[in-house]
Amino acid sequence: MSGETSLVIAIDGPAASGKSTVAKQLAAELQIVFVSSGGMYRAFTWWVLENGVDPADTVAVEALLEKTVFQCGEENNIGTIAVNGRLPEWKQLANDRVNGGVSLVAAIPAVRLRLVDEQRAYARKRGVVMEGRDIGSVVFPDTPYKFYIDASPEVRERRRRAEGIDDSIAARDKMDSSREASPLVIPKDATVVDSSHLTVEEVVEKVKEVIVG
Ligand code: DC
């Protein structure tokens, strides 16, 4: 049971599908908090690397997790995560090093358990739009507002290149979809939106139509 009492909008999808931009805009319009759960996995991966731990060394990552305290909050309606008192900047989270390790770290069940707890805590405070891979399937299975935002692999690669980020999204997608713990899936009652040929505003409108009814 996720036990949420506030409005919870769950948006899942593969890397660079546009879900983050859409979720952010939606949260701003609805005046609720936007949370990137991928950013939370990235923050812990950053901490793993800062500590010289190999993201592929599950035992060492779990040992570090034991000594790690997360503090989740928000700033200007955007979720923040501090790791042992340090608040990483976005550029420390969205770079080749973190991109290369995050799928390994996110595949560790103990890591997911800790961060899913933090994700659910947001909804106990107030409304939230959260995006990720397992938000509708695992984190908030009870919310009626589940979306899966997709885009073709070509469009997604192009979007990342346009951002100047060298991200092997095909490899990450494969790991994120094939792992045992909470893989990327389309929740069975989710509304699927293909954003390949839509603007951000068009996707936001489609999502709002479902929410307003
Ligand atoms: O959305 P993103 O690309 O910032 O996510 C980074 C990684 O975090 C992604 O490759 C898989 C992992 N992730 C996850 O396992 N579960 C989530 N709910 C969100 C992200």
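Our subject is the structure listed above.
Residues numbered from 1 in each chain as written. Predicted model: local features only at pLDDT ≥ 70, side-chain atom pairs only at ≥ 80, totals over all residues. Heavy atoms only, no water.

J.: Describe the site of the ligand, naming the residues involved and giving the relevant values.
T.: Close to the ligand lie 16 residues; R42, R112, D134, R172 and D176 are nearest. Contacts to the ligand include S37, whose side-chain N or O atom sits 3.0 Å from a nitrogen atom. D176 has a polar side-chain atom sitting 2.7 Å from an oxygen atom of the ligand. Of all elements in the fold, only helix 2 (37–50), helix 5 (96–106) and helix 9 (169–178) reach the threshold of two or more residues within the shell around the ligand. By residue number, the principal contributor to the shell around the ligand is helix 2, which donates four residues. (Near = heavy atom within 4 Å. Polar contact = N/O pair within 3.5 Å; in protein donor to acceptor, adjacent residues only side chain to side chain. Helix = DSSP H or I, 4+ residues; strand = E, 2+ residues; numbered from the N terminus.)

J.: Give a detailed account of helix 6 (residues 109–125), specifying residues and quantitative values.
T.: Because the α-helix completes a turn every 3.6 residues, residues three or four places apart line up on one side. Relative to the 24 Å expected for 17 residues at 1.5 Å per residue, helix 6 spans 25 Å between its end C-alpha atoms, a close match to the ideal helical length. Taken as a whole, helix 6 has its buried residues at V111, R112, L115, V116, Q119, R120, A121, Y122 and A123. (Expected span 1.5 Å × (residues − 1). Buried < 20%, exposed > 50% of the residue type's maximum accessible area, 1.4 Å probe, protein only.)

J.: Break down the side chain of R42 for me, with residues and values.
T.: Note that R42 resides in helix 2. The class of R42 is buried, set by a relative accessible area of 9%. What R42 contacts, discounting residues up to four positions off in sequence, is W90, L93, A94, V98, N99, V102 and R172. (Contact = heavy atoms within 4.5 Å.)

J.: I'd like a description of the pairing of strand 1 (residues 8–12), backed by residues and values.
T.: Of all five residues that make up strand 1, five are buried, and the element is covered over most of its length. What you see with strand 1 is no split at all: V8, A10 and D12 on one side and I9 and I11 on the other are buried throughout. Direction of pairing for strand 1 relative to strand 5 (residues 128–132): parallel, over a ladder of five bridges. Bridged to I11 within strand 5 is E131. Judged from the four bridges that link them, strand 1 and strand 6 (residues 145–150) form a sheet pairing that is parallel. Looking at the pairing, I9 lines up with Y145 of strand 6. (Pairing = 2+ DSSP bridges.)

J.: Tell me about the nonpolar core, and please be specific about residues and values.
T.: Most often, soluble globular proteins keep nonpolar side chains buried together rather than apart. With 36 residues, the main nonpolar core has F44, V111, Y122 and V128 as its most contacted residues. Broken down by element, this core gets its largest block of residues, eight residues, from helix 2. Setting aside its immediate chain neighbours within four residues, V111 contacts Y41, F44, V61, L65 and V105. Within the second largest apolar cluster, 16 residues are counted, among which are L26, A27, V129 and V203. (Core = buried A, V, L, I, M, F, W, Y, C linked by side-chain atoms within 4.5 Å.)

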